Amino acid sequence: SFYPVRQFDNIRQMMDQSVQLYGERTAFEVKTDKETTRNITFNEYIGDINALSTYFCSLGDKSEFIAVCGDNCYEYCLTYLSAVCAGKVIVPIDRELHAEDILGIIAACDAKVLICDKKIHRDIHSFLPSDMIVLTFSGDCGEMTVDEAVKEGNELIESGKPLYCQVMQDPEKMCTLLFTSGTTGTSKGVMLCQRNFCFEVKAAMGVLKITPDDCEISLLPIHHTFESCIVLFFAPYCGAKITFCDGFKYVLRNMKEFEPTVFVAVPMILEIVHKRIMNEIKKRKNGERFFKIGKSLCKVASKVHIDLRKVIFKEIQNTFGGKLRMIICGGAAIDPQIIKDFDSFGIQIVYGYGLTECAPLAIINHDRLRTTDSIGRPLPGVESKLIDVDSSGVGELCVKGGMVMLGYYNNREETEKVIDPDGFFHTGDLAFIDRRGCYHITGRCKNVIVTSNGKNIYPEELEYHLDINDIINSSLVEGVENKKGVTEIHAQIYPEMSMFSSIENEEEREKTIFAAVKSVVDSVNAALPGFKKIKSFTVRKDDFERTTTRKIKRNADGNKRKFRQKKADRKSDKSASGEKD
């Protein structure tokens with residue numbers, strides 16, 4: 001650590017410290033309608049937490065598991081923290097799941113309390129058990145609202161029954177249950193405790209600088225541990241303000257409204273925004289030339305400690321509200337050029353690595369380690385190692401520390417598969433370490449393609465090389481058997497359709513797209529050794545099935561297809577056969 005951190009053993013202690021330090025500062029700025037906003041101070045926030053915690057305690061044992069599902073909002077954050085401080089188990093559910101999946105998660109943990117928004121209530125209320133206690137984020141649903149529950153809790157406190165005060169804060173007791181399957185596989189319930197979150201806050205805040213003057217705009221769903229850790233724990237610890245985005249398509253408009261300094265993103269969001277910025281630069285007369293000159297001037301000025309980035313790239317800064325300084329990013333690989341370009345704009349991308357099972361951060365590029373081509377180094381207090389390392393230095397990444405989960409809910413067998421007797425969590429991700437001690441993720445163990453000659457091929461590497469081309473929106477690389485039973489590399493490719501929208505004739509458009517994709521595949525193959533070359537590809541008309549955080553679901557039914565395997569063009573190593581969906 002190189003920033004001082006406060007010491008605390010549980011979330012209640014952390015929040016009490018923050019209230020003492022930042023009581024009258026704004027904890028949340030929330031919209032009341034399209035024109036006006038409401039500021040909620042830390043004093044008001046802890047008051048609401050105490051009241052809602054008391055309400056939850058008044059429900060007795062039947063409120064042991066409290067499910068929450070809906071759009072990001074103040075009531076969501078309040079529900080989460082209140083459940084934790086009441087000694088209950090909060091069960092955040094992906095708002096994008098189908099009704100039957102939401103009901104399945106509720107049944108799996110036998111939750112008797114559900115807090116949700118209007119949309120979720122409309123979709124599932126008629127299927128809920130008759131004894132289910134339901135609260136909604138706002139009114140007009142025929143149910144008690146979170147605000148009404150807060151009032152009930154306050155009445156209990158005023159009558160001399162501050163039930164929240166009687167709760168023993170056990171840092172080792174499960175407080176959060178997250179059902180996740182990542183991008184594939186059967187969903188498992190990840191059990192996290194207050195110790196996990198406290199460790200994350202102290203470790204991350206020791207290497208990342210967030211201050212009371214910062215404003216974070218919440219964009220990713222809060223059920224996602226990456227987002228929840230920042231919104232629910234990092235920001236309150238630092239006294240920073242939280243605002244909420246109205247949705248992906250409104251993010252730039254909301255940024256101009258709230259002028260955030262920090263936000264959390266997945267690489268796909270940054271890729272979309274970066275592509276739009278670069279397209280605007282290209283459209284302008286001598287735009288690319290001036291962009292390069294601007295970057296060079298900034299680089300020279302920085303050597304004499306003068307920062308010209310917010311002057312030269314002020315227009316781009318204003319796109320994000322004018323005050324954005326840091327984006328915390330993870331969840332997938334990112335093009336190093338995007339990190340470099342955003343740094344030129346005066347916006348630092350903090351790129352790291354984590355998993356739900358690690359609450360979630362384990363490795364990060366911190367404030368004094370700004371690599372563009374790695375996930376960085378372990379957080380303070382995190383041990384890491386590679387096992388089963390091959391001849392190229394690639395092995396499975398294992399991590400150990402206070403952030404590692406308690407285990408999988410009611411699933412000892414799966415827990416013992418991933419947490420070894422020494423306490424190391426086996427991530428399932430393949431990585432290597434460079435000479436600087438920085439880690440590089442190469443792919444997933446289960447995704448490795450083993451060819452007939454025994455070579456290991458990591459599909460994520462090939463997908464990265466395909467996806468950095470503007471013509472490709474996204475790709476999925478897999479091993480398939482040809483007629484001789486030999487495993488070859490095949491790529492499903494979804495092009496950037498907007499680049500071909502000006503071609504009105506459908507047949508001509510398909511031919512043009514196919515030729516453009518083939519050109520990209522050929523250029524990628526030209527830079528690859530023979531055993532890694534993509535032998536065939538399929539051009540998709542529709543996007544892949546994706547998770548809430550925009551990852552492609554591998555082996556999902558929506559991504560399966562039958563294709564006729566064609567022979568590669570043997571005349572040149574630089575070509576691959578292809579097929580249209």
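Residues numbered from 1 in each chain as written. Predicted model: local features only at pLDDT ≥ 70, side-chain atom pairs only at ≥ 80, totals over all residues. Heavy atoms only, no water.

A. Region of the structure containing the overall build of the protein. Looking only at helices and strands, one finds 17 helices and 27 strands in the protein. Its C-alpha atoms give the protein a radius of gyration of 25 Å, near enough to 25 Å, the size a compact globule of 581 residues would have. If one aligns the C-alpha atoms of the protein with their principal axes, the spans along those axes are about 85 × 55 × 50 Å. Taking as baseline every contact in the protein between residues at least 6 positions apart, the subset at least 24 positions apart corresponds to 63%. As presented, the protein carries roughly 26,700 Å² of accessible surface, and 49% of it is formed by carbon and sulfur atoms. Put simply, the protein has 78 plus and 82 minus side-chain charges, and the middle of one group is 7 Å from the middle of the other. (Helix = DSSP H or I, 4+ residues; strand = E, 2+ residues; numbered from the N terminus. Rg over C-alpha atoms; globule rule 2.2 N^0.38 Å. Contact = heavy atoms within 4.5 Å. Areas by Shrake-Rupley, 256 points an atom, 1.4 Å probe, with all protein chains shown as cover. Lys, Arg positive; Asp, Glu negative; His and termini not counted. Charge placed at Lys NZ, Arg CZ, Asp CG, Glu CD.)

B. Just the nonpolar core, in detail. Ranked by size, the top nonpolar core spans 131 residues in total, and within it Phe28, Tyr45, Phe233 and Phe425 carry the most contacts. Among the elements that take part in this core, helix α8 (residues 225-238) stands out by supplying 10 residues, more than any other. Not counting the four nearest positions on each side in its chain, Tyr45 is found in contact with Met15, Ala27, Phe28, Ile40, Tyr74, Cys77, Leu78 and Leu81. Within the second largest apolar cluster, 23 residues are counted, among which are Ala67, Ile102, Cys109 and Leu114. (Core = buried A, V, L, I, M, F, W, Y, C linked by side-chain atoms within 4.5 Å. Buried < 20%, exposed > 50% of the residue type's maximum accessible area, 1.4 Å probe, protein only.)

C. Seen up close, the packing of aromatic side chains. Under the definition given, this model contains 18 aromatic pairs. Centroid distance Phe28 to Tyr45: 4.8 Å. Interplanar angle 80 degrees. Geometry classified as edge-to-face. With Phe28 in strand β1 (residues 26-31) and Tyr45 in helix α2 (residues 42-58), this residue pair connects regions lying 17 residues apart in the sequence. Take Phe28 and Tyr45: they sit in the same class, and that class is buried. (Phe/Tyr/Trp six-rings, centres within 6.5 Å; stacked < 30°, edge-to-face > 60°.)

D. A look at the sheet that holds strand β20 (residues 425-433). Spatially, four strands are ordered β17-β18-β20-β21 in an open sheet, and the strand pairing comes out antiparallel. One side of each edge strand has no neighbouring strand; the edge strands of this open sheet are β17 (383-387) and β21 (439-444). Adjacent strand axes in the sheet meet at a mean angle of 45 degrees, parallel and antiparallel pairs treated alike. Across five bridges, β17 lies against strand β18 (residues 395-400) in antiparallel orientation. Paired with Ser384 across the bridge in β18 is Val399. (Pairing = 2+ DSSP bridges. Axes fitted to C-alpha atoms, helices over the stretch in contact; angles between N-to-C directions.)

E. Summary view of the packing of helix α10 (residues 267-283) against helix α11 (residues 287-302). Packing of α10 against α11 brings their axes to within 6 Å, and their N-to-C directions diverge by 115 degrees. Listed contacts from α11 to Met278, Ile281 and Lys282 of α10 are Gly287, Glu288 and Phe291. Residue composition of the contact of α10 with α11, grouped by class: three nonpolar, one polar and two charged. (Nonpolar A, V, L, I, M, F, W, Y, C, P; charged D, E, K, R; others polar.)

F. Local environment of the state of the cysteines. Following the criterion strictly, the structure yields zero disulfides and no others. Of all cysteine sulfurs in the structure, the one in Cys116 sits closest to Cys141, which takes part in no disulfide; the separation is 7.1 Å. On the basis of relative accessibility, which here comes to 17%, the residue Cys141 falls in the buried class. (Disulfide = S-S within 2.5 Å.)

G. Seen up close, the side chain of Asn365. Note on placement: Asn365 falls in the loop between β15 (361-364) and β16 (377-378). At a separation of 2.8 Å, a polar atom in the side chain of Asn365 contacts the main-chain carbonyl oxygen of Ser374. Contacts of Asn365, omitting those with residues within four sequence positions, involve Val350, Tyr351, Arg370, Thr371, Ser374, Ile375 and Gly376. (Polar contact = N/O pair within 3.5 Å; in protein donor to acceptor, adjacent residues only side chain to side chain.)

H. Helix α1 (residues 11-22), seen in detail. Over its 12 residues, α1 runs 16 Å from end to end, which matches the ideal 16 Å to within 8%, given 1.5 Å per residue. For α1, the full list of buried residues reads Ile11, Arg12, Met14, Met15, Ser18, Val19 and Tyr22. Axial view of α1: buried residues confined to an arc of 160 degrees, hence all on one face. Exposed positions of α1 whose direction lies more than 90 degrees from the buried face are Gln20 and Leu21. Tucked inside the fold, the buried residues of α1 contact α2, α3 (74-85), α7 (194-205) and α8. (Expected span 1.5 Å × (residues − 1). Arc of directions from axis to C-beta.)

I. Region of interest: α8. Helix length check: α8, at 14 residues, gives a terminal C-alpha distance of 18 Å against a target of 20 Å (1.5 Å per residue), a fit within 8%. Approximately 25 degrees is the largest bend angle found in α8, and it occurs at Val231. Most of α8 is tucked away, with 14 of its 14 residues classed as buried. Positive phi appears at Gly239, one or two residues downstream of α8, with a value of about 80 degrees. (Bend = angle between axes of the 7 residues up to and from the residue.)

J. Summary view of the packing of α10 against helix α14 (residues 336-344). Running from N to C, α10 and α14 cross one another at 60 degrees; their axes reach a closest spacing of 11 Å. By the angle between their axes, α10 is oblique relative to α14. When you trace α10 past α14, the crossing you get is left-handed. Taken together, the residues of α14 that come into contact with α10 (itself represented by Leu270, Glu271, Val273, His274 and Met278) are Gln337, Ile338, Asp341 and Phe342. Tallied by class, residues from the contact of α10 with α14 come to five nonpolar, two polar and two charged. (Parallel < 35°, antiparallel > 145°, perpendicular 65-115°, else oblique. Left-handed = near helix turned anticlockwise from the far one by under 90°.)

K. Fine view of a nonpolar patch on the surface. Among the surface-exposed residues, Phe290, Ile293, Leu297, Val311 and Ile312 lie close enough to one another that they form a single nonpolar patch of about 460 Å² accessible area. Only α11 and α12 (309-312) provide two or more residues apiece to the nonpolar patch. Sort the elements by how many residues they give to the nonpolar patch and α11 lands first, with three residues. The residue Ile293 is located in helix α11 in this model. Residue Ile293 is classed as partly exposed on the basis of its relative accessible area of 37%. (Patch = residues over 30% accessible without salt bridge, like charges linked within 9 Å, V, L, I, M, F, W, Y side chains within 5 Å. Salt bridge = Lys/Arg side-chain N within 4 Å of Asp/Glu carboxyl O.)

L. The arrangement of the pairing of strand β4 (residues 89-92) in detail. Side chains Val89 and Val91 of β4 all project onto a buried face; the interleaved residues Ile90 and Pro92 project onto the opposite face, where all are buried too. Looking at chain direction, strand β3 (residues 65-69) and β4 are connected through four bridges and run parallel. Looking across to β4, one finds that Ala67 is bridged to Val91. Remark: the β3/α3/β4 crossover connection has right-handed handedness. (Right-handed = clockwise from strand over helix to strand, strands pointing away.)

M. Region of the structure containing the pattern of salt bridges. One pass over the full model with this rule turns up 36 salt bridges. Residues Lys31 and Asp246 are paired through a salt bridge, measuring 2.9 Å at the closest nitrogen-oxygen approach. Placement of Lys31 in strand β1 and of Asp246 in the loop between β11 (241-244) and α9 (251-258) is noted, with a sequence separation of 215 residues between them. On the accessibility criterion, Asp246 (39% relative accessible area) is partly exposed.

N. Broad picture of the environment of Met499. The residue Met499 is located in the loop between β25 (487-495) and α17 (506-526) in this model. With residues up to four places along the chain from it excluded, the contact list for Met499 reads Asp470 and Ile471.

O. Layout of the side chain of Thr136. Mapping Thr136 onto the fold places it in strand β6 (residues 133-136). What makes Thr136 buried here is its relative accessible area of 0%. Aside from chain neighbours lying at most four places away, what touches Thr136 is Cys116, His121, Cys141, Glu143, Met144, Thr145 and Val146.

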